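The residues making up each chain are set out below.
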Amino acid sequence: MLSDIQIAQQAKLLPIKDVAAQIGISEDELEFYGKYKAKLSDELSARLQSKPDGKLILVTAINPTPAGEGKTTTTAGLGQAMAKIGKKAIIALREPSLGPVFGVKGGAAGGGYAQVLPMEDINLHFTGDMHAITSANNLCCAMLDNHMQQGNSLGIDPRRILIKRCLDMNDRALRNIIVGLGGKVNGVPREDHFIITVASEVMAILCLASDIQDLKLRLGNILVAYSYDGEPVYARDLKADGAMTALLKDAIKPNLVQTLEGTPAVMHGGPFANIAHGCNSVRATKLALKLADYCITEAGFGSDLGAEKFLDIKCRYAGLKPNAIVVVATCRALKYNGGVPKAEVGLKRVSSTSAYISII
């Protein structure tokens, strides 16, 4: 059997303008990133605003294993299957983080013959959204340290700084560090921390923002520190919200790609479910619901975490309600979470070993 990457590399991709045409998107409503990737413009969202929504289908899983249980594979396969039987379907997914891509789990674009393409681009730099989120977060951190260096008029207590720098990579050596060493010109010495980009509040905010004005408001409300008097200090107090929004002006736009069989796929955002709400962006899902009769999306981790956050956070903020939920169940996950010794479970990533239970 061919490997995932061999299958992906042998696939014949459609030009992204042809994929877009299947769901009524014109070339003028696309912002091209090469032949096979594009961002969906604000003009498209405005044009479709009054169109009725399609049906929303959520894919989740029982308690997963470290290698994942195939939610993305199931989502891509379900989208392709519905297209095969003549349904107008689209899938809405999160963007992969480089941490898992180069870690145990590998990529997050599906597997086997149920993949989202171009797989290499999606799993690496894609359209630069992750880099923009990293830059916006770290800009706020830099402005905070510079504020303290330039007189600290807000009275920020360096022992009570909450915001952390980020990097989209597994680098445990940066989790707990000391910054500001090297004398007066190099800042105020203090303890600092790095997190992975997809665990940042900026990522969660991007995925819940309804538009760029809402994005700026939410960014301004980030609680970055406390003052010596115990007063909260927000990103807007540092005048960081406008600059952060400017860095995210393109990242807030959803991305359009395709499955192995040419089914349209909207990929946008990627917050971890153990840190944030673990779903793709509100903007992407709402747009997908306008573009097709069926939108198939997924939530991170298992149903007790990602699906619960999908229902309690994303659906409440966005006014959404799933019409059906698909649960991915595997023998491997039952063994792993049921007390079978880990060595006997076998955690090699498999493309499709799933049974599907549809819950209405």
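Residues numbered from 1 in each chain as written. Predicted model: local features only at pLDDT ≥ 70, side-chain atom pairs only at ≥ 80, totals over all residues. Heavy atoms only, no water.

Caption draft 1: Structural context of the overall build of the chain. Along its length, the chain carries 14 helices and 18 strands. Over its C-alpha atoms the chain spans a radius of gyration of 21 Å, differing by no more than 12% from the 21 Å that the globule rule assigns to 360 residues. By its C-alpha atoms, the chain is 65 × 55 × 35 Å across when sized along the principal axes. The long-range fraction of contacts in the chain, counting pairs at least 24 apart against all pairs at least 6 apart in sequence, stands at 72%. By element, 55% of the accessible surface of the chain is carried by carbon and sulfur atoms, the whole surface being about 16,300 Å². In the chain, 40 side chains carry a positive charge and 35 a negative one; their mean positions are 3 Å apart. (Helix = DSSP H or I, 4+ residues; strand = E, 2+ residues; numbered from the N terminus. Rg over C-alpha atoms; globule rule 2.2 N^0.38 Å. Contact = heavy atoms within 4.5 Å. Areas by Shrake-Rupley, 256 points an atom, 1.4 Å probe, with all protein chains shown as cover. Lys, Arg positive; Asp, Glu negative; His and termini not counted. Charge placed at Lys NZ, Arg CZ, Asp CG, Glu CD.)

Caption draft 2: Looking closely at the packing of helix H7 (residues 129–149) against helix H8 (residues 201–208). Contact geometry of H7 with H8 gives a least axis separation of 9 Å together with a crossing angle of 120 degrees. Taken as axis vectors, H7 and H8 run oblique relative to one another. The handedness of the crossing between H7 and H8 comes out as right-handed. Taken together, the residues of H8 that come into contact with H7 (itself represented by Met-130, Ile-133, Ala-136 and Asn-137) are Val-202, Met-203 and Leu-206. Counted by class, the contact of H7 with H8 contains six nonpolar, one polar and no charged residues. (Axes fitted to C-alpha atoms, helices over the stretch in contact; angles between N-to-C directions. Parallel < 35°, antiparallel > 145°, perpendicular 65-115°, else oblique. Left-handed = near helix turned anticlockwise from the far one by under 90°. Nonpolar A, V, L, I, M, F, W, Y, C, P; charged D, E, K, R; others polar.)

Caption draft 3: Structural context of the pattern of salt bridges. For the coordinates displayed, the defined rule picks out 16 salt bridges. When the shortest N-O distance is used, the salt bridge between Arg-332 and Glu-69 registers 3.1 Å. Taken together, the positions of Arg-332 in helix H13 (residues 331–337) and Glu-69 in the loop between strand E3 (55–61) and helix H4 (71–84) put the pair 263 residues apart, joining distant regions of the chain. Looking at Glu-69, the relative accessible area reads 3%, which means it is buried. The partner of Asp-192 in a salt bridge is Arg-165, with the nearest N and O atoms 2.4 Å apart. With Asp-192 in strand E10 (residues 190–192) and Arg-165 in strand E8 (residues 165–167), this residue pair connects regions lying 27 residues apart in the sequence. Judged by relative accessible area, Asp-192 falls into the buried class, the value being 1%. (Salt bridge = Lys/Arg side-chain N within 4 Å of Asp/Glu carboxyl O. Buried < 20%, exposed > 50% of the residue type's maximum accessible area, 1.4 Å probe, protein only.)

Caption draft 4: Highlighting the pairing of strand E16 (residues 294–298). The buried count for E16 comes to four of five residues, which makes it a mostly enclosed element. Where E3 meets E16, five bridges bridge the pair, whose relative direction is parallel. If you follow Leu-58 over to E16, its bridge partner there is Thr-297. Bridge analysis of strand E4 (residues 89–93) against E16 gives four bridges, and the strand direction is parallel. (Pairing = 2+ DSSP bridges.)

Caption draft 5: Representation of H8 in the model. Most of H8 is tucked away: seven of the eight residues are buried. Listed in full, the buried residues belonging to H8 are Val-202, Met-203, Ala-204, Ile-205, Leu-206, Cys-207 and Leu-208. Those residues of H8 hidden inside the fold are in contact with H7, helix H9 (212–220), helix H10 (241–247), helix H11 (282–291) and helix H12 (303–318).

Caption draft 6: How the structure looks around the packing of H8 against H9. Remark: H8 packs on H9, axes separated minimally by 9 Å, with the N-to-C direction vectors making an angle of 150 degrees. Considering their axes alone, H8 and H9 lie roughly antiparallel with respect to each other. The crossing of H8 and H9 is right-handed. Of H9, the residues touching H8 (which contributes Val-202, Ile-205, Leu-206 and Leu-208) are Asp-214, Leu-215, Arg-218 and Leu-219. Residues belonging to the contact of H8 with H9 are distributed by class as follows: six nonpolar, no polar and two charged.

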